Amino acid sequence: MAIKSAKTRLRNVVLVCRECTKKLDGGFGRKGNHTLKTALRKHLKAGKGRKATLAVVHTPCFDICPKTAVVAVNAARPDKLLIVPAGSDLSEVAARLGLDDDRRPGPVLIIDSAAG
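Residues numbered from 1 in each chain as written. Predicted model: local features only at pLDDT ≥ 70, side-chain atom pairs only at ≥ 80, totals over all residues. Heavy atoms only, no water.

Draft legend 1. Spatial organisation of the nonpolar core. In terms of nonpolar packing, the biggest core is built from 23 residues, with Val14, Leu36 and Leu97 touching the most fellow members. Only strand E1 (12-17), helix H1 (18-24), helix H2 (36-43), strand E2 (54-59), strand E3 (69-74), strand E4 (82-85) and helix H3 (90-96) provide two or more residues apiece to this core. (Core = buried A, V, L, I, M, F, W, Y, C linked by side-chain atoms within 4.5 Å. Buried < 20%, exposed > 50% of the residue type's maximum accessible area, 1.4 Å probe, protein only. Helix = DSSP H or I, 4+ residues; strand = E, 2+ residues; numbered from the N terminus.)

Right under this line is the structure:
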C-alpha cells in the first residue's frame, strides 16, 4: 500500500494530558464547566476536522501530574510543557502556548520616560 497525504489548514497542534483532564473534570471557560481542550477550541474558534486551523488533542500522561491543573504543550514547541491551573485566563494560556488570538487588544502605548 502506498503512503498518501492529505492537506489540512492546521497551523498549530496542542497536546493536552488526558489524565489531568479526567482528574480535574472541567474547570475552564466562563462558567468553569469545560475541559481545557474544549475551552481552547471555543475560545480560539478553531473549528473541527481538516478545515480547522488548530487541533487540540488529548494525549497520554506527561508524568508531571499537577494537582488542580492540566499539562499542555504546543507540538511546535515540545521543549516547553505548560502547567495550566483550573480557571486560568484562556487568552493568557493561548499566548503562552504561542497560539494566534485574533481577539487580542489593540497596540500597547509605550511611554519613553527618557524622551520627555
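Draft legend 2. View of the state of the cysteines. The full count for this structure, using the stated rule, is 0 disulfides. The thiol sulfur of Cys17 is not disulfide-bonded, and the nearest other cysteine sulfur, from Cys20, lies at 3.6 Å. You can see Cys61 has no disulfide; the closest cysteine sulfur is in Cys65, sitting 3.7 Å from it. By relative accessible area, Cys61 is classed as partly exposed at 31%. (Disulfide = S-S within 2.5 Å.)

Draft legend 3. Highlighting the sheet that holds E3. A sheet is described by the order of its strands in space; here 4 strands give the open sequence E2-E1-E3-E4, paired in mixed fashion. A strand with exactly one partner marks an edge of an open sheet, and here the two such strands are E2 and E4. Within the sheet, the average angular offset between the axes of one strand and its neighbour, ignoring direction, is 30°. Two elements, E3 and E4, share 4 bridges in a ladder whose sense is antiparallel. Considered in E4, the bridge of Ala69 is made with Pro85. Against the sheet, H2 engages E1, E2, E3 and E4, with an angle of about 180° to E2. (Pairing = 2+ DSSP bridges. Axes fitted to C-alpha atoms, helices over the stretch in contact; angles between N-to-C directions. Contact = heavy atoms within 4.5 Å.)

Draft legend 4. Structural context of empty space enclosed by the protein. If you walk through the whole model with that rule in mind, you get 1 cavity of 30 Å³ or more. For the largest cavity, the calculated volume is near 50 Å³. (1 Å grid on protein atoms, 1.4 Å probe; cavity = no way out; pocket = protein on both sides within 12 Å on 5 of 7 lines; lining within 4 Å. Points joined across faces, edges and corners; volume = space filled by probe spheres on them.)

Draft legend 5. Region of interest: unusual backbone geometry. Of note in this structure, Asp25 is not a glycine but carries a positive phi near 55°. Along the chain, the position of Asp25 falls in the loop between H1 and H2. Phi at Lys45 is positive, roughly 50°, even though this residue is not glycine. Tracing the backbone through its elements, the reader meets Lys45 in the loop between H2 and E2. Residue Lys45 is classed as exposed on the basis of its relative accessible area of 64%.

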